[in-house]
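What follows is the residue order along each chain.
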Amino acid sequence: MVSALDAAAKPAILSLTTLGVLRAIEYGLLGWTLASLASKEEPRPLHFALAGALIGAVFGGGITVLTIETAAANDAALAMPQAIATGLNEIVFPIGCSLVVYIALQVSRHMKYVAAEAK
């Protein structure tokens with residue numbers, strides 16, 4: 001908790017505009033890809049996870065590198081654990097989002113069958 005409070009007192013490394021634009025592109029592309037996968041007859045969880053991993057690697061990796069380089073340029077270099085945590089968060093989060101969308105898709109499809117059987 002102390003480290004979280006300490007982090008809140010430090011200035012942001014990347015500008016909110018830069019981060020916002022990158023995230024808008026990242027999650028817009030991820031949403032479009034997931035919608036495309038969801039429209040398939042038999043969507044597979046591996047395809048959803050791979051889509052999240054690819055988007056996470058490209059955009060999350062880019063955001064991580066940009067964060068590390070910007071911090072170093074501003075004489076606020078990130079410690080190795082901070083850099084690793086930032087990278088993992090940026091890359092793994094889109095995978096989790098993709099799998100949540102897959103699970104929600106499967107639940108909604110099965111609920112249609114349950115509702116149809118109840119009538």
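Let us look at the structure shown here. Given the structure is predicted, the values throughout are model-derived calculations rather than measurements.

Here the focus is the overall build of the chain. Secondary structure assignment for the chain yields 4 helices and 0 strands. Taken from the N to the C terminus, the helices and strands of the chain come in the order α-α-α-α. Long-range contacts, defined as pairs at least 24 residues apart, comprise 79% of the intrachain contacts of the chain with a sequence gap of at least 6. Carbon and sulfur atoms provide 71% of the accessible area of the chain, an area that totals close to 8,000 Å².

Enumeration according to the criterion identifies 2 salt bridges in this entry. A salt bridge links glutamate 26 to arginine 23; the nearest nitrogen and oxygen atoms lie 3.6 Å apart. Taken together, the residues span about one helical turn, with glutamate 26 and arginine 23 both in helix α2 (residues 16–38) at a distance of 3 residues. Its salt-bridge partner being glutamate 90, residue arginine 23 comes within 2.8 Å of it at the nearest N-O pair. Taken as a pair, arginine 23 in helix α2 and glutamate 90 in helix α4 (residues 80–118) lie far apart in primary sequence, 67 residues in all. What makes arginine 23 partly exposed here is its relative accessible area of 27%. Members of the salt-bridge network, linked through shared partners, are Arg23, Glu26 and Glu90.

Here is what the cut-offs are and how they apply
- Residues numbered from 1 in each chain as written.
- Predicted model: local features only at pLDDT ≥ 70, side-chain atom pairs only at ≥ 80, totals over all residues.
- Heavy atoms only, no water.
- Helix = DSSP H or I, 4+ residues; strand = E, 2+ residues; numbered from the N terminus.
- Contact = heavy atoms within 4.5 Å.
- Areas by Shrake-Rupley, 256 points an atom, 1.4 Å probe, with all protein chains shown as cover.
- Salt bridge = Lys/Arg side-chain N within 4 Å of Asp/Glu carboxyl O.
- Buried < 20%, exposed > 50% of the residue type's maximum accessible area, 1.4 Å probe, protein only.

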